[in-house]
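# Summary of structural features
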Amino acid sequence: MLDATDRKICDLLQDNARASSTEVAAQVGLSVSATNDRIRRLSDNGTITGWHATLAPEAFDATLCAFVLLDCAYEGEAAAVTALKARPEVQELHHISGPHSYLMKLRLADTAALQRFLTTHVKPLPAITRTETIITLSNDKETPQIAIQDADDV
């Protein structure tokens, strides 16, 4: 169970993973060594799963954001998921409820790259029975951060 201090540390690190231990310690009211111990424990127990830089898609010719709904046959589904997870263009792959099997988020250069990706890497997978693609026109919010509730609200 995370206490209020753990939650505050996680919230601070979500905003700025490059914050120094001294900065985090000052904001949560702990010593630097106690803060480092908590951060190490949060990493060791899987609460903090990684340290990442958030990149501007336009800097890497990946301005097209598309969501693809995938319908899968049970036979070969695991192999299809493994193949799709291995592709760097796939930012997210969610097993979903409803009429579709998966929701996949892609970042690519343009619609031609999207068509090539679907033709080369998705549709040849034997388990894929149908795809439906949604292309975003603009991006008003995109974040990897999660909302962290206060310990009292949990």
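Refer to the structure above for everything that follows.
Here's a quick rundown of the structure. (Residues numbered from 1 in each chain as written. Predicted model: local features only at pLDDT ≥ 70, side-chain atom pairs only at ≥ 80, totals over all residues. Heavy atoms only, no water.)

### Points about the nonpolar core
Cut-off, in case you're wondering: Residues belong to one nonpolar core when they are buried, are Ala, Val, Leu, Ile, Met, Phe, Trp, Tyr or Cys, and are joined through side-chain atoms within 4.5 Å. Buried, partly exposed and exposed residues are distinguished by accessible area as a fraction of the type maximum, computed with a 1.4 Å probe on protein chains only: under 20%, between the cut-offs, and over 50%, respectively. Secondary structure elements are taken from DSSP: a helix is a run of H or I of four residues or more, a strand is a run of E of two residues or more, and numbering for both begins at the N terminus.
In terms of nonpolar packing, the biggest core is built from 21 residues, with Leu 70, Met 104, Leu 106, Leu 114, Phe 117 and Val 122 touching the most fellow members. Residue assignment for this core shows that the elements contributing at least two residues are strand S1 (64-72), helix H4 (77-85), strand S3 (102-108) and helix H5 (111-122). Ranked by size, the runner-up nonpolar core spans 10 residues in total, among them Ile 9, Cys 10, Ile 39 and Leu 42.

### Description of the environment of Thr 129
What counts here: In this analysis, two residues are considered to be in contact whenever any of their non-hydrogen atoms come within 4.5 Å of each other.
Mapped onto the secondary structure, Thr 129 falls in strand S4 (residues 128-135). Each C-alpha atom, one on Thr 129 and one on Cys 72, is 5.4 Å from the other, the two residues being 57 residues apart in sequence. What Thr 129 contacts, discounting residues up to four positions off in sequence, is Asp 71, Cys 72 and Ala 73.

### Digging into helix H1 (residues 4-15)
Within an α-helix, residues lying three or four positions from one another point in the same direction, as the helix has 3.6 residues per turn. Stated precisely, the cut-off is as follows: Multiply 1.5 Å by the residue count of a helix minus one, and that product is the helix's expected span. Polar contact is the term for a pair of N or O atoms within 3.5 Å; when the atoms are in protein, one must be able to donate a hydrogen and the other to accept it, and sequence-neighboring residues count only if both atoms are side-chain atoms.
Taking 1.5 Å of rise per residue, the 12 residues of H1 would be expected to cover 16 Å, and the 17 Å separating its terminal C-alpha atoms lies within 8% of that figure. Listed in full, the buried residues belonging to H1 are Asp 6, Arg 7, Ile 9, Cys 10, Leu 12 and Leu 13. Contact partners of the buried residues in H1: helix H2 (21-28) and helix H3 (32-44). For H1, the N-terminal capping position is held by Asp 3, with its side-chain oxygen 3.1 Å away from the main-chain nitrogen of Thr 5.

### Section: the sheet that holds S3
The condition is simple: Strand pairing is assigned whenever DSSP detects at least two bridges linking the two strands. The convention used is that axes are lines fitted to C-alpha atoms, helices contributing only their stretch in contact, and that angles between N-to-C directions extend from 0 to 180 degrees.
Strand order in the open sheet formed by four strands is S2-S3-S1-S4, with antiparallel pairing between adjacent strands. Looking at the sheet topology across the chains shown, the edges are occupied by strand S2 (90-95) and S4. Looking at each pair of strands side by side, their axes are set apart by 20° on average, direction ignored. In the sheet, S1 pairs with S3 via seven bridges, with the strands oriented antiparallel. By the bridge assignment, Leu 69 is partnered in S3 with Leu 103.

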